[in-house]
Every structure is written in C-alpha cells, then in structure tokens.
Amino acid sequence: MIEIRALKPDEWSLLTKTSELEREGFHESGLTPDSLALMARCGILLVFIENNQIIGEAILLRYIQENSALLFSLVTTSASRRKGRAQQILKEAFKHLSSHGIEKLFLTVSPDNEGAISLYTKKLGFKVTQNLPDHFGPGKHRVLMEKIIERKQESLSQ
Ligand SMILES: CC(C)(COP(=O)(O)OP(=O)(O)OC[C@H]1O[C@@H](n2cnc3c(N)ncnc32)[C@H](O)[C@@H]1OP(=O)(O)O)[C@@H](O)C(=O)NCCC(=O)NCCS
C-alpha cells in the first residue's frame, strides 16, 4: 500500500524516520527531527509511505516573493530509486502548491548531481535560469531552476 501525505509537526516517530532518510541522502547535512518539525510547521513536508516505511520525502517552503515556493529537499531511499518515486512525490507537491495559489517553484541543485538535474529538466519540466557560483561556500556551486505550476482546472460545471 502506498500513500503520499503531508506530515504534521508533532508526528515525532515519522519525523525521526524522515530524518534518517535525510541522513541517507545528504549525510551530515541531513535535517534533524526538530528541524523537520519546523519545516512541517512553516511549509509542507511530504512523505511517501510504502508498506509502512518512509521511502521518500520532499520539503516545500513558501518564498517571501509572492506566489512562489522553494523545493528545499528531495530524497528517496537508495533501495527505491529509479522507480518513479521522486516523480510521484513531486507531482503530488505540484498539486499542493497549486491548491495554495503558488505559481512558480524554485530549486537549487549541485551541477555535479546529474541524476537530479536529469529528473528535474527531462522528467518534470524545470528550466535552468541561473548558475550560482560558490552559493553554498567556496567551490560549492549550485544551479538555480524554476518551474511554472499549472493552475488546477476549473470545473466545467461552475
Ligand atoms: C535525485 C533522487 C531524488 C531521484 O529519485 P528517484 O526516486 O530515483 O527518481 P525517479 O525514479 O522518480 O526518476 C528517475 C529519473 O530521474 C533521473 N535520474 C535519477 N537518478 C539518476 C541517476 N543516478 N542517473 C541518471 N539519471 C537519474 C532520470 O531522468 C531518471 O529517469 P530514467 O530512470 O527513465 O532514466 C534520488 O536519487 C536521491 O534521493 N538522491 C540523493 C538526494 C539528492 O541528491 N536529492 C536531490 C537534491 S537537489
């Protein structure tokens, strides 16, 4: 059984498991459960649950700039990669963003992360808008991307 849903900031057991996933994906930069609780409170922390295990997560934060958001984090477990899970999480994320009136989603990614860049540009329609040299510190370059979030279709009967 699979489920993609937003975690609440008091779901400590699931926040701890999501933190373990963060560590798997980002090592020492992975978010702790308390930071994840904050993310769940001020943004949207989406988790992909399969057979009672968290196998993926995405964090969305609203930009101060009007009607836009930032994809702050995206990870799937190494055992579940290349099966379309990240695409499923992000497609669910686009629906959440659309329902909150968000029109544009930004992200940054390392230029060395070829898999993630392919996912964003070839599978999900993100466009590269800027190179950000030394963005995360000397030699730690990032690439800025954005995607227009389509508005939900209005019901024809309305
Ligand atoms: C990037 C990441 C989220 C992708 O998750 P995933 O569940 O494997 O992605 P999906 O199965 O939905 O999408 C697969 C597509 O993404 C791209 N892709 C993902 N990993 C890839 C890799 N190692 N090499 C090449 N392309 C890759 C391809 O376009 C691939 O399509 P294909 O299988 O038809 O070639 C996952 O590898 C991960 O968690 N990495 C560690 C954390 C990270 O780097 N996050 C992104 C930070 S910006």
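Everything quoted here is computed from the prediction, not taken from an experiment. (Residues numbered from 1 in each chain as written. Predicted model: local features only at pLDDT ≥ 70, side-chain atom pairs only at ≥ 80, totals over all residues.)

J.: Hey, could you run me through the pairing of strand β4 (residues 68-76) in this one?
T.: Along any regular strand, the residues point their side chains to alternate faces of the sheet. Direction of pairing for strand β3 (residues 53-62) relative to β4: antiparallel, over a ladder of seven bridges. In the sheet register, Arg 62 faces β4, and the bridge partner there is Ala 69. Hairpin connection from β3 to β4: five residues lie between these consecutive antiparallel strands, with Asn 67 at a positive phi of about 60°. Direction of pairing for β4 relative to strand β5 (residues 104-109): parallel, over a ladder of three bridges. Following the sheet pairing, Leu 70 is matched in β5 by Phe 106. Regarding the hand of the β-α-β motif, the stretch spanning β4, helix α3 (residues 85-99) and β5 is right-handed. (Pairing = 2+ DSSP bridges. Helix = DSSP H or I, 4+ residues; strand = E, 2+ residues; numbered from the N terminus. Right-handed = clockwise from strand over helix to strand, strands pointing away.)

J.: For this particular structure, what's the right way to read the nonpolar core?
T.: Nonpolar side chains tend toward joint burial in soluble globular proteins. Grouped together as the largest cluster of nonpolar side chains are 38 residues, with contacts concentrated most on Leu 45, Leu 46, Ala 58, Leu 60 and Ile 89. Elements represented by at least two residues in this core include exactly α1 (12-26), α2 (33-42), β2 (44-50), β3, β4, α3, β5 and β7 (142-148). With residues up to four places along the chain from it excluded, the contact list for Leu 60 reads Gly 43, Ile 44, Ala 69, Leu 71, Phe 72, Ala 93 and Leu 97. (Core = buried A, V, L, I, M, F, W, Y, C linked by C-beta atoms within 7 Å. Buried ≥ 20, exposed ≤ 12 C-beta atoms within 10 Å, placed from the backbone. Contact = placed C-beta atoms within 7 Å.)

J.: Would you mind showing me how to read the sheet that holds β3 here?
T.: Taken in spatial order, the seven strands line up as β1-β2-β3-β4-β5-β7-β6 in an open sheet, and their pairing is mixed. On the outer flanks of this sheet lie β1 (2-6) and β6 (127-132), each paired with one strand and no other. For this sheet, the mean inter-axis angle between neighbouring strands, taken without regard to orientation, is 25°. Pairing analysis gives six bridges linking β5 to β7, with the strands arranged antiparallel. Considered in β7, the bridge of Lys 104 is made with Ile 148. (Axes fitted to C-alpha atoms, helices over the stretch in contact; angles between N-to-C directions.)

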